[in-house]
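Per-entry structural report
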Amino acid sequence: MQSNRHPLTSIPVIHVRILITGGAGLLGAELIRGAPASASLFATRRNAPVHAVPNAQVDLADDGAVAGLFAAVRPELVIHTAYSARDGERDIVRATGNVVDGCLSSGARLIHMSTDALLDGESAPYAESARPDPVHEYGRHKAAAEDDVRTRLPASAIIRTSLIVRAEPPDAGSAWVIDTLRGGDPIRLFTDELRCPIAVQDLAAQIWEIAALPAADSAGVWHLAGPEAVSRYALGLLIAQRHGLDAGAIIPVPSASSPAPRPRDLRLLTTRADRALRTRARPVSSVLARAADG
């Protein structure tokens, strides 16, 4: 039976106080679960509970609350995973600015989670040197946040990733596909929008490796993504197949049918990670492969 955990790698030793924002999220929770035993963790949350580590409910868009958080926790490293696309100006741009302020005041290193969605989708595959050129609002908010980090904390590690998936229990995007198909409703998924999905376990393991590097070696942009590019449609088929669902209700459509512009081809080159990190991200088709019966 196939395991959904990443193949065993050497766990880095990190003797610092670490603040993880968004500790209840998909990535934040996995970072907590896979953290080195030597690390001292504290997490923030918005509403959902955080388990296993000390945590606090903090509105990261509230500059006073964030200043108080940093004064109380005194982190030496911050891994900023928290975001919300519902109000990007508030929960991406302003929140990230407050986290940067906290790092500047405390001297903490920052690992900032960014995204492939700030690229234009017209010049793939993208190297780490690619400059943001967003085509939609979410991309513009993430580009603004990334620019703030790069400008005010140039020693930060900026991680651009792609779709983050989890086989079991399914991540939110996968769960939406599963629930919709089980409900008998059709789904329209793009055939020409390419991404490089990465398993959350693989991504978290790579982030912990970056965290263990000397500051000078971790600074700058990293592309952490899976080695297999798939369309939204192909990803939907993989999810349906894993759960034994009828994929006939998944309707292939072109991205031009979207009412708003979308980046089409967001394949990322992972040159830096391939050279510096031991953990290798698995192809999404392997991550979502259906376990053999029995």
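This write-up is about the structure you can find in this document.

The rules behind each value
Residues numbered from 1 in each chain as written. Predicted model: local features only at pLDDT ≥ 70, side-chain atom pairs only at ≥ 80, totals over all residues. Heavy atoms only, no water. Helix = DSSP H or I, 4+ residues; strand = E, 2+ residues; numbered from the N terminus. Rg over C-alpha atoms; globule rule 2.2 N^0.38 Å. Buried < 20%, exposed > 50% of the residue type's maximum accessible area, 1.4 Å probe, protein only. Areas by Shrake-Rupley, 256 points an atom, 1.4 Å probe, with all protein chains shown as cover. Lys, Arg positive; Asp, Glu negative; His and termini not counted. Charge placed at Lys NZ, Arg CZ, Asp CG, Glu CD. Contact = heavy atoms within 4.5 Å. Phe/Tyr/Trp six-rings, centres within 6.5 Å; stacked < 30°, edge-to-face > 60°. Lys NZ or Arg CZ within 6 Å of the ring centre and 35° of its normal. Pairing = 2+ DSSP bridges. Axes fitted to C-alpha atoms, helices over the stretch in contact; angles between N-to-C directions. Left-handed = near helix turned anticlockwise from the far one by under 90°. Nonpolar A, V, L, I, M, F, W, Y, C, P; charged D, E, K, R; others polar.

Overview of the overall build of the protein
- Looking only at helices and strands, the protein features 10 helices and 13 strands.
- At 19 Å, the protein has a C-alpha radius of gyration in line with the 19 Å of a compact globule built from 294 residues.
- Principal-axis analysis of the C-alpha atoms places the extent of the protein at approximately 55 × 45 × 40 Å.
- Classification of the 294 residues of the protein by burial places 50% in the buried group.
- Just so you have it, the protein exposes about 13200 Å², and 52% of that area is on carbon and sulfur atoms.
- Positive and negative charge centroids in the protein, built from 31 and 32 side chains respectively, lie 4 Å apart.

A short note on the environment of Thr270
- Relative to the assigned elements, Thr270 resides in the loop between β13 (250-253) and α9 (271-276).
- A relative accessible area of 15% places Thr270 in the buried class.
- Taking the C-alpha atoms as reference, Thr270 lies 8.4 Å from Pro227; in sequence the two are 43 residues apart.
- Setting aside chain neighbours within four positions, we find Thr270 in contact with Glu128, His223 and Ala225.

Topic: the packing of aromatic side chains
- Tallying each qualifying case throughout the model produces 1 aromatic pair.
- Measuring from ring centre to ring centre gives 6.1 Å for Tyr83 and Tyr138, while their planes differ by 45°; the resulting arrangement is tilted. Highlighted residues: Tyr83 in the loop between β4 (77-80) and α3 (88-106) and Tyr138 in helix α4 (residues 137-152), separated in sequence by 55 residues.
- Looking at Tyr83, the relative accessible area reads 47%, which means it is partly exposed.
- Under the relative-accessibility criterion, Tyr138 is labelled partly exposed at 25%.
- Of note, Lys142 hangs over the ring of Tyr83, and the distance from its end group to the ring centre comes to 5.4 Å.

Structural notes on the sheet that holds strand β1 (residues 17-21)
- Read across the sheet, 7 strands follow the order β3-β2-β1-β4-β5-β6-β11 without closing on themselves; strand pairing throughout is parallel. Of all strands in the sheet, those with a lone pairing partner are β3 (55-57) and β11 (220-224), marking the two edges. Between one strand axis and the next, the sheet turns by 20° as a mean value, whatever way the strands run.
- Examined bridge by bridge, strand β5 (residues 109-115) and strand β6 (residues 157-161) share 5 bridges and lie parallel to one another. Paired with Ser114 across the strands is Arg160, a residue of β6.
- Against the sheet, helix α1 (residues 26-33) touches β1, β2 (40-45), β4 and β5, its axis set at about 155° to β1.
- Lying over the sheet, α3 contacts β4 and β5, oriented at roughly 165° with respect to β5.

Details of the packing of helix α5 (residues 172-182) against helix α8 (residues 232-242)
- Interaxial distance between α5 and α8 falls to 10 Å at its minimum, and their mutual angle equals 65°. Pair α5 / α8 crosses with right-handed handedness. Of the residues in α8, those in contact with Ser174, Val177, Ile178 and Leu181 of α5 are Gly236, Ile239 and Ala240.
- Looking at the contact of α5 with α8, its residues break down into 5 nonpolar, 2 polar and no charged.

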